[in-house]
Amino acid sequence: MRTSPIVVAALLTAGLVPLSACTSQPDPVQQRITNPARGTSVNAQVGNIRLLATRIDAPEERKLLGGSNTGLFTTLANDGDTADRLVAVSTVYARQVVMRQGTDGAQSPVSIEVPGAGVVSLQYPGGLHLEMVDLKVDVRAGRLLPVTFRFEKAGTVTVNVFVDGFGLPTVSPVSPVAPATS
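Residues numbered from 1 in each chain as written. Predicted model: local features only at pLDDT ≥ 70, side-chain atom pairs only at ≥ 80, totals over all residues. Heavy atoms only, no water.

Chemist: I keep staring at the overall build of the protein chain and nothing clicks. Help me out?
Modeler: Looking only at helices and strands, the protein chain has two helices and 13 strands in total. Counting over 182 residues, the protein chain shows a buried share of 35%. Of the contacts formed within the protein chain by residues at least 6 apart in sequence, a portion of 70% connects residues at least 24 apart. On the protein chain, roughly 10800 Å² of surface is accessible, and the fraction owed to carbon and sulfur atoms is 57%. (Helix = DSSP H or I, 4+ residues; strand = E, 2+ residues; numbered from the N terminus. Buried < 20%, exposed > 50% of the residue type's maximum accessible area, 1.4 Å probe, protein only. Contact = heavy atoms within 4.5 Å. Areas by Shrake-Rupley, 256 points an atom, 1.4 Å probe, with all protein chains shown as cover.)

This is the structure:
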């Protein structure tokens, strides 16, 4: 017995309608995590140095005002055998980029050693991180801002850095501190 093409089409359509009704809007956080553009979270590479999960934080209202400061976060991975040093970071959107230890730490010029075959996380405001000082314009979350990173040996690379809103997931290496055991 031969099935009519119309009957086959009707059966297929009837099977797809319940499936499409079960799908919901994708979770925006999950979309950001699985976005193919994120790839391995490598934003740039210069020489043996990779910049990972590089981002600029925006406040909850998703807008940074000119004249304010904000965190610039990244992880530096050195695939080479010899140490290198991040010696300068700059952007036309801020008066300067400085290094800061914690939220109350003093600002100091950028000078961060990246050990050979090592990783340095600059991902958390409470620890060592970079800070953009005296923004020259208002900046909204969702934009890309060019930021130039200069390394002593590897050279210079400019990265278009995404301005995130607070609360979005980031990627950083596992902490070297062992978890507490009971």
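Chemist: I tried to follow the side chain of Asn-78 on my own but got confused; where do I start?
Modeler: Counting through the fold element by element, Asn-78 comes out in strand β4 (residues 70-78). The class for Asn-78 is buried, based on a relative accessible area of 3%. A distance of 2.8 Å separates a polar atom in the side chain of Asn-78 from the backbone nitrogen of Gly-80. Polar contacts involving the side chain of Asn-78 include one to the main-chain carbonyl oxygen of Val-114, which spans 3.2 Å. Excluding residues within four positions of it along the chain, Asn-78 makes contact with Asn-48, Ile-49, Ala-83, Asp-84, Val-114, Pro-115, Gly-116, Ala-117 and Gly-118. (Polar contact = N/O pair within 3.5 Å; in protein donor to acceptor, adjacent residues only side chain to side chain.)

Chemist: So what exactly am I meant to see when it comes to the side chain of Arg-100 here?
Modeler: When you line up the elements, Arg-100 lands in strand β6 (residues 94-101). In this structure the side chain of Arg-100 is engaged in a polar contact, spanning 2.8 Å, whose partner is the side chain of Glu-131.

Chemist: Even after reading the chapter, I still don't get the pattern of salt bridges, so can you show me in this structure?
Modeler: Proximity of charged atoms lets side chains of opposite charge pair with each other. Counted by the stated rule, this structure contains five salt bridges. Arg-55 is paired through a salt bridge with Asp-57; the nearest N and O atoms lie 3.6 Å apart. Between Arg-95 and Asp-134 there is a salt bridge, with the nearest N and O atoms lying 3.4 Å from each other. Remark: Asp-134 occurs in strand β10 (residues 128-135) and Arg-95 occurs in strand β6; sequence separation between them is 39 residues. (Salt bridge = Lys/Arg side-chain N within 4 Å of Asp/Glu carboxyl O.)

Chemist: Is there a simple way to think about unusual backbone geometry in this case?
Modeler: Located in the positive-phi region is Ala-117, a residue other than glycine, with phi close to 55°. Among the secondary structure elements, Ala-117 is positioned in the loop between β8 (112-114) and β9 (119-122). Its identity is not glycine, yet Asp-134 carries a phi of approximately 60°, on the positive side.

Chemist: What is the right way to read the nonpolar core from this model?
Modeler: Considering soluble globular proteins, one finds that nonpolar side chains tend to be buried as a cluster. Ile-56, Leu-72, Leu-86, Val-89, Leu-130 and Phe-149 are the most contacted members of the largest nonpolar core, which totals 32 residues. Look past the residues within four positions of Phe-149 in its chain and what remains in contact with it is Leu-51, Thr-54, Leu-72, Thr-74, Leu-86, Ala-88, Val-89, Leu-130, Gly-155, Thr-156, Val-157 and Val-159. (Core = buried A, V, L, I, M, F, W, Y, C linked by side-chain atoms within 4.5 Å.)

Chemist: Got a minute to help me understand the pairing of strand β2 (residues 49-58) in this structure?
Modeler: Consecutive side chains along a regular strand alternate between the two faces of the sheet. Counting buried positions along β2 gives nine out of 10 residues, so the element sits mostly inside the fold. In terms of strand pairing, strand β1 (residues 42-46) meets β2 through four bridges, oriented antiparallel. Within β2, the residue paired with Ala-44 across the bridge is Leu-51. Turn length for the β1-β2 hairpin, with the two strands adjacent in sequence and antiparallel, is two residues, and the turn residue Gly-47 shows positive phi of about 60°. As paired elements, β2 and β4 share six bridges and run antiparallel to each other. By the bridge assignment for β4, Arg-55 is matched with Phe-73. (Pairing = 2+ DSSP bridges.)

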